[in-house]
Amino acid sequence: MSVMEQGTHSLIELLETIADNKYVLGDRLVEVGVSGPNLEATLSAIAMAQGELGHARLLYNWCFDLKGVKGKKPDIQAQTGKAFQTAVNVQNWISLIASLYAINAAIDIVFQTVLKTSHSKVASRIQKLVREQHDHIIYAENWAKQLLLDQGAVPYRFQEALREAAEEAKAWLAKVEKSEELKKEGYFPETPSFPEKFEKRLQQLNAEQLVQANE
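This one's a predicted model, so the numbers in the text were calculated from it and none came from an experiment.

The next subject is the packing of helix α2 (residues 39–66) against helix α4 (residues 93–117). One can describe the packing of α2 onto α4 by two numbers: an axis separation of 13 Å at closest approach and a directional angle of 40°. Between α2 and α4, the angle is such that the two are oblique. Judged by the twist between their axes, the crossing of α2 over α4 is left-handed. Each of Ala-41, Ala-45, Met-48, Glu-52 and Leu-59 in α2 lies in contact with α4, whose residues at this interface are Trp-93, Leu-100, Asn-104 and Phe-111. A breakdown of the residues in the contact of α2 with α4 according to their chemical character gives seven nonpolar, one polar and one charged.

Rendered as structure tokens:
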């Protein structure tokens, strides 16, 4: 396999992992989101589900192009098996928000780096996705703060769900960071520091929660 083929293979694996997570999140936003804490949360979850599924479709189609698929793209019936287990296991509102925040924050870190360092063709593929994803992150972040400031066992349950989702996302970021093929193709710099950037986002979320709690 040539260096170029290795780079394409690594890019496909990266995109399919992101697409799988968005596909599963879209599915969970429908299944779990319909029983959100209030009507506004439910309607927003359903709207975001369409966004996540649209992002997944865009990335899957990009992968089909990279694989040389011509003509009409195949219908997506299921993920390829690369989605994080924490996303697959989402069964309630708390774990949904934890996964939605952690996974999209991790994806955003990768794509923001790609936008700064990569080719114009790549940027044109993901610019709209990144803008839309920002709204999803803000939504999940706002709900995360509410859950952290809630009463009873809710803050602890959310912290545990977020810790689990964050650990899996951070492990994935560390793996992506080590991809020499993606670095050689110029998708991100030699030392992108993905896990460190992700950890800073989590720390900022907790810091903002403490400020609100003391107001």
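On to the pattern of salt bridges. In the structure shown here, the tally under the stated rule is 14 salt bridges. Across the pair Glu-13 and Lys-175 runs a salt bridge, and its minimum N-O distance is 3.6 Å. Highlighted residues: Glu-13 in helix α1 (residues 3–31) and Lys-175 in helix α6 (residues 154–177), separated in sequence by 162 residues. On the basis of relative accessibility, which here comes to 56%, the residue Lys-175 falls in the exposed class. The shortest N-O distance in the salt bridge between Glu-16 and Lys-82 comes to 2.8 Å. On the criterion of sequence distance, the pair formed by Glu-16 in helix α1 and Lys-82 in the loop between α2 and α3 (85–88) is long-range, its members being 66 residues apart.

What follows is about the packing of α4 against α6. Their axes nearest at 8 Å, the elements α4 and α6 cross at an angle of 30°. Considered as vectors, α4 and α6 are oriented roughly parallel to each other. Relative to α6, the crossing made by α4 is right-handed. Counted together, Ile-94, Ser-95, Ile-97, Ala-98, Ser-99, Tyr-101, Ala-102, Ala-106, Ile-107 and Val-110 of α4 and Val-154, Arg-157, Phe-158, Ala-161, Leu-162, Ala-165, Ala-166, Ala-169, Trp-172 and Leu-173 of α6 form the full contact between these two elements.

About the cut-offs
Residues numbered from 1 in each chain as written. Predicted model: local features only at pLDDT ≥ 70, side-chain atom pairs only at ≥ 80, totals over all residues. Heavy atoms only, no water. Axes fitted to C-alpha atoms, helices over the stretch in contact; angles between N-to-C directions. Helix = DSSP H or I, 4+ residues; strand = E, 2+ residues; numbered from the N terminus. Parallel < 35°, antiparallel > 145°, perpendicular 65-115°, else oblique. Left-handed = near helix turned anticlockwise from the far one by under 90°. Contact = heavy atoms within 4.5 Å. Nonpolar A, V, L, I, M, F, W, Y, C, P; charged D, E, K, R; others polar. Salt bridge = Lys/Arg side-chain N within 4 Å of Asp/Glu carboxyl O. Buried < 20%, exposed > 50% of the residue type's maximum accessible area, 1.4 Å probe, protein only.

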